[in-house]
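Coordinate analysis (summary)
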Amino acid sequence: MTTALVTLKSVSKRFGNIVALTDVSLDVYPGEIVCLLGDNGAGKSTLIRILSGYHGASTGRMLINGVPTTLSSPRQARQLGIATVHQDVGTIPMMSVGRNFFVGAEPTRTIGPFRWLDIDKANTIAVEQMRMFGITRVNSGDQLVGTLSGGERQVLAIARAMYFGAKVLILDEPTSALGVKEAAKVLIMVKKAREQGVGIIFITHNARHAELVGDRFVVLAHGRVLARFGRNEKTRDEVLNLMAGGEAIEHLQAELSAFEDDMRA
Ligand SMILES: Nc1ncnc2c1ncn2[C@@H]1O[C@H](COP(=O)(O)OP(=O)(O)O)[C@@H](O)[C@H]1O
Ligand SMILES: [Mg+2]
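As the structure is a prediction and not an experimental result, all values here were calculated from the model. (Residues numbered from 1 in each chain as written. Chains lettered and ligands numbered in written order. Predicted model: local features only at pLDDT ≥ 70, side-chain atom pairs only at ≥ 80, totals over all residues. Heavy atoms only, no water.)

1. Topic: the overall build of the chain
- For the chain, the helix and strand inventory stands at 9 helices and 10 strands.
- Relative to the compact-globule value of 18 Å for 265 residues, the chain shows a C-alpha radius of gyration of 20 Å, a close match.
- Summarising its shape, the C-alpha atoms of the chain cover approximately 75 × 45 × 35 Å along the three principal directions.
- Counting across all 265 residues of the chain, residues that qualify as buried make up 46%.
- When the accessible surface of the chain is summed, it comes to about 13500 Å², and 52% of that surface belongs to carbon and sulfur atoms. (Helix = DSSP H or I, 4+ residues; strand = E, 2+ residues; numbered from the N terminus. Rg over C-alpha atoms; globule rule 2.2 N^0.38 Å. Buried < 20%, exposed > 50% of the residue type's maximum accessible area, 1.4 Å probe, protein only. Areas by Shrake-Rupley, 256 points an atom, 1.4 Å probe, with all protein chains shown as cover.)

2. Quick word on the pairing of strand β8 (residues 199-204)
- Taking burial as the measure, the 6 residues of β8 include 6 buried ones, the bulk of the element.
- As paired elements, strand β3 (residues 33-38) and β8 share 5 bridges and run parallel to each other. The residue of β8 that forms the bridge with Cys 35 is Phe 202.
- Bridge count for strand β7 (residues 168-172) against β8 is 5 bridges, and the pairing is parallel. (Pairing = 2+ DSSP bridges.)

3. Quick word on the nonpolar core
- Counting residues in hydrophobic clusters, the biggest one holds 48 residues, and the most contacted among them are Val 97, Phe 101, Met 162, Leu 169, Leu 171, Ile 200 and Phe 202.
- Element by element, the count of residues in this core is highest for helix α5 (residues 150-163), at 8 residues.
- Other than its neighbours up to four places away in sequence, Leu 169 contacts Ala 83, Val 85, Ile 158, Ala 161, Met 162, Ala 193, Val 198, Gly 199, Ile 200 and Ile 201.
- If you look at the next biggest cluster of nonpolar residues, it comprises 26 residues, including Leu 5, Val 24, Met 62 and Val 218. (Core = buried A, V, L, I, M, F, W, Y, C linked by side-chain atoms within 4.5 Å. Contact = heavy atoms within 4.5 Å.)

4. A look at the packing of α5 against helix α6 (residues 180-195)
- Axis separation between α5 and α6 bottoms out at 7 Å; the angle between their running directions is 15°. What the angle tells us is that α5 and α6 run roughly parallel. α6 is crossed by α5, and the crossing has right-handed handedness. Mapping the contact onto sequence places Gly 150, Gly 151, Glu 152, Gln 154, Val 155, Ile 158, Ala 159 and Met 162 in α5 and Glu 182, Lys 185, Val 186, Met 189 and Ala 193 in α6. (Axes fitted to C-alpha atoms, helices over the stretch in contact; angles between N-to-C directions. Parallel < 35°, antiparallel > 145°, perpendicular 65-115°, else oblique. Left-handed = near helix turned anticlockwise from the far one by under 90°.)

5. Describing the sheet that holds strand β6 (residues 82-85)
- Strand order in the open sheet formed by 6 strands is β6-β7-β8-β3-β9-β10, with mixed pairing between adjacent strands. If you trace the sheet from one side to the other, it starts and ends with β6 and β10 (224-230), each paired once. Between one strand axis and the next, the sheet turns by 20° as a mean value, whatever way the strands run.
- As paired strands, strand β9 (residues 216-221) and β10 are joined by 6 bridges and run antiparallel to one another. When the bridges of β10 are listed, Ala 221 appears paired with Arg 224.
- Across the sheet, α6 touches β3, β7 and β8, and the angle it forms with β8 is around 155°.

6. Some points on the site of ligand 1
- Close to ligand 1 lie Phe 15, Ile 18, Ala 20, Asp 39, Asn 40, Gly 41, Ala 42, Gly 43, Lys 44, Ser 45 and Thr 46, which account for all nearby residues.
- In isolation ligand 1 has 560 Å² of accessible area, and contact with the protein removes 63% of it.
- Breaking the shell around ligand 1 down by element, the ones donating at least two residues are β2 (18-28) and α1 (44-51). (Near = heavy atom within 4 Å.)

7. Here we look at helix α4 (residues 119-132)
- Its 14 residues give α4 an end-to-end C-alpha distance of 20 Å, which sits within 8% of 20 Å, the value for a rise of 1.5 Å per residue.
- Here α4 has its buried residues at Ala 122, Asn 123, Ile 125, Ala 126, Val 127, Gln 129 and Met 130.
- Of the surrounding secondary structure, the elements contacted by the buried residues of α4 are α3 (97-102) and α5. (Expected span 1.5 Å × (residues − 1).)

8. With respect to the packing of aromatic side chains
- Enumeration over the complete set of coordinates arrives at 7 aromatic pairs.
- Ring centres 5.4 Å apart and planes at 90° place the aromatic pair Phe 102 and Phe 164 in the edge-to-face group. Remark: Phe 164 occurs in the loop between α5 and β7 and Phe 102 occurs in helix α3; sequence separation between them is 62 residues.
- Look at Phe 102 and you get buried, because its relative accessible area is 6%.
- In this structure, Lys 234 packs its charged tip against the face of Phe 229, placed 5.4 Å from the ring centre. (Phe/Tyr/Trp six-rings, centres within 6.5 Å; stacked < 30°, edge-to-face > 60°. Lys NZ or Arg CZ within 6 Å of the ring centre and 35° of its normal.)

9. Describing α5
- If you check α5, its first and last C-alpha atoms are 20 Å apart, about what 14 residues at 1.5 Å a residue would give, namely 20 Å.
- When we look at burial in α5, the residues that qualify are Gly 151, Glu 152, Gln 154, Val 155, Leu 156, Ala 157, Ile 158, Ala 159, Arg 160, Ala 161, Met 162 and Tyr 163.
- On its buried face, α5 sits against β6, α3, α4, β7 and α6.
- Looking one or two places after α5, you find Gly 165, whose phi comes out positive at around 95°.

Take a look at the structure:
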């Protein structure tokens, strides 16, 4: 039996009086894409911050490769192979692609005699890695990140995480600000990462994007797991309804009808 790369068991998180997560369990295995879906305020970011070492859980447990672990920092999470790519991907427009590839990098495997100031080598590796993942438009590592499209920046950030040994990729809304063509580049990249055996937690609002790549789906609402299901187990409408918090759509409809009654009165 394969061991999960990361497991959360009955995790709850409070901020003072605010309960952000209640009894959430989640795991991700090598070579699968778990989509984390949920409306604003559902607790998605809080969950990611726990997985990536920014927050400790209030109660509950975390296992990494089956070993109970308490993360004390984001750095420790990265060293254990858990990489988080945020929506803005932390790329700096005026920085070169090559430099960006190695900034803040904390290798979890040996990459040979590499010196940080060896910018030629950094450039070569960055261009090679981007090509490997289908970004052929970048010919020189000196090219500025600002010349890349939104999708290409996501690809750059994911390629970088994988190059430095990520085993788990946490992608926070990687496609939500992108048009169709750009989103496709990112979704293809996500599938390539899966092919290489990485476990992916894909956070999104977009049910279409989720169904295109997801193997398993977890819907959060008000800090709790509202539903879990596998590929092709639910229609897109069912998923959209769940993401709105289950009964939210009926509430909306009731409110709208009441409003229309008022207008008529
Ligand atoms: N640092 C914090 N301090 C206080 N409340 C927080 C903090 N982070 C998140 N929350 C609260 O926790 C709940 C879940 O938020 P969040 O995880 O950001 O949801 P999502 O990412 O799904 O929109 C919200 O009610 C939010 O206001
Ligand atoms: Mg959020």
